[in-house]
Amino acid sequence: MPTLNITGKTTVYGILAHPIDHVRAPTVFNPQFEKHGIDAVMVPFHVRPDDLPSAVAGMKANRSLRGLTVTVPHKVAIAEMCDELGAGAQRVGAANAVLFDDDRRMIGDNFDGQGYVAGVKGGGFDFAGKDVLQLGAGGAGMAIAFAVAEAGAASLSIANRTVAKADELAGRVHQLFPGCVVRGVPADADPAGYDLVINTTSLGLHDGDPLPVDVDRLDAATVVSEIIMIPEETGLLKAAKDRGHAVHYGRPMLDEQIKLIAAFIGCPIPA
């Protein structure tokens, strides 16, 4: 197997997480660096939350380190430490990518929403003028809600166990994108009448999880979408496919995010 040629000039990127064993960014980025002759490497940074301030101080001092991808549980804390935030991170108060500029300022942004929308568009779905039901209002769900409204959806209903949380998110999304009718609804809201249903909850990660929506209530033309990548075919997607619905898998969201993050942190991957 080919190996990366690390030299004194090699630019270092990191994936910041706790725990760290599940992250996939190095296995995605490093083959691309090698394939395209980019003198860079991505390595895992296992940092506990209590150690994050001291770790960030060290990262700022390390001029070989150009950027980070960031995942659980550090997205919110990293955003608070950044000197500047892009629009995606400002909207949700969380960053999943950080660039260290020449002055070692930390510039953060969040590409969860853009990655999701780009992945679904790549699968042939156009959000413009569509009615969308989003299940969940958590971290990724917040970013996706803004991106769906920005993509031109006519309406967005956000279903959540805590309706007040869905209402709060709906208000912020509508304020920024007033052309989209946004509202919070209960988690068990009727899913009939929507063009697209998006599952942003964790239901489907484990065997035996209940379905996050009653698929028998979906209109025949409703498209069903996941952000879960493993398993590739969740119980929701299988049930939807069995009933003849078009589905979108979770992996394209990651693939599109990788492209966006790579360009943001200064190592664009050629198409």
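Overview of the structure. (Residues numbered from 1 in each chain as written. Predicted model: local features only at pLDDT ≥ 70, side-chain atom pairs only at ≥ 80, totals over all residues. Heavy atoms only, no water.)

### Observations concerning the environment of Leu65
- Structurally, Leu65 is set in strand β3 (residues 65-70).
- When the C-alpha atoms of Leu65 and Met42 are compared, they prove to be 9.7 Å apart, with 23 residues separating the residues in sequence.
- With sequence-adjacent residues up to four places away left out, Leu65 is seen in contact with Val12, Tyr13, Gly14, Phe45, Met59, Phe100 and Arg104. (Helix = DSSP H or I, 4+ residues; strand = E, 2+ residues; numbered from the N terminus. Contact = heavy atoms within 4.5 Å.)

### Observations concerning the pattern of salt bridges
- Under the counting rule described, the total for this entry stands at 13 salt bridges.
- Where Glu233 meets Lys241, a salt bridge forms, and the shortest distance between an N and an O atom there is 3.0 Å.
- Judged by relative accessible area, Glu233 falls into the partly exposed class, the value being 35%.
- Taking relative accessible area as the criterion, Lys241 reaches 39% and is therefore assigned partly exposed.
- Residue Lys238 is joined to Asp242 by a salt bridge in which the shortest nitrogen-to-oxygen separation is 3.1 Å. (Salt bridge = Lys/Arg side-chain N within 4 Å of Asp/Glu carboxyl O. Buried < 20%, exposed > 50% of the residue type's maximum accessible area, 1.4 Å probe, protein only.)

### Looking at the nonpolar core
- The biggest cluster of nonpolar side chains holds 33 residues, and the ones touching the most others in it are Tyr116, Phe127, Val148, Leu156, Ile158, Leu169 and Leu196.
- Mapped by element, the contributors of at least two residues to this core are α5 (112-122), α6 (139-150), β8 (155-160), α7 (163-176) and β10 (196-199).
- Take this core: its biggest share by element is eight residues, from α6.
- Once residues within four sequence positions are removed from consideration, Leu169 is found in contact with Ala137, Gly141, Met142, Ala145, Phe146 and Ile158.
- The next biggest cluster of nonpolar side chains, apart from the first, holds 20 residues, and it includes Val41, Phe45, Val70 and Met106. (Core = buried A, V, L, I, M, F, W, Y, C linked by side-chain atoms within 4.5 Å.)

### Describing unusual backbone geometry
- Look at the link from Val72 to Pro73: it is a cis peptide, with omega at 5°.
- The topology assignment puts Pro73 in the loop between β3 and α3 (75-81).
- With omega at 5°, the peptide bond leading from Ile230 into Pro231 counts as cis.
- Residue position: Pro231 is located in the loop between β11 (223-226) and α8 (235-242).
- Of note in this structure, Arg104 is not a glycine but carries a positive phi near 65°.
- Looking at where Arg104 falls in the secondary structure, it is placed in the loop between β5 (97-100) and β6 (106-109).

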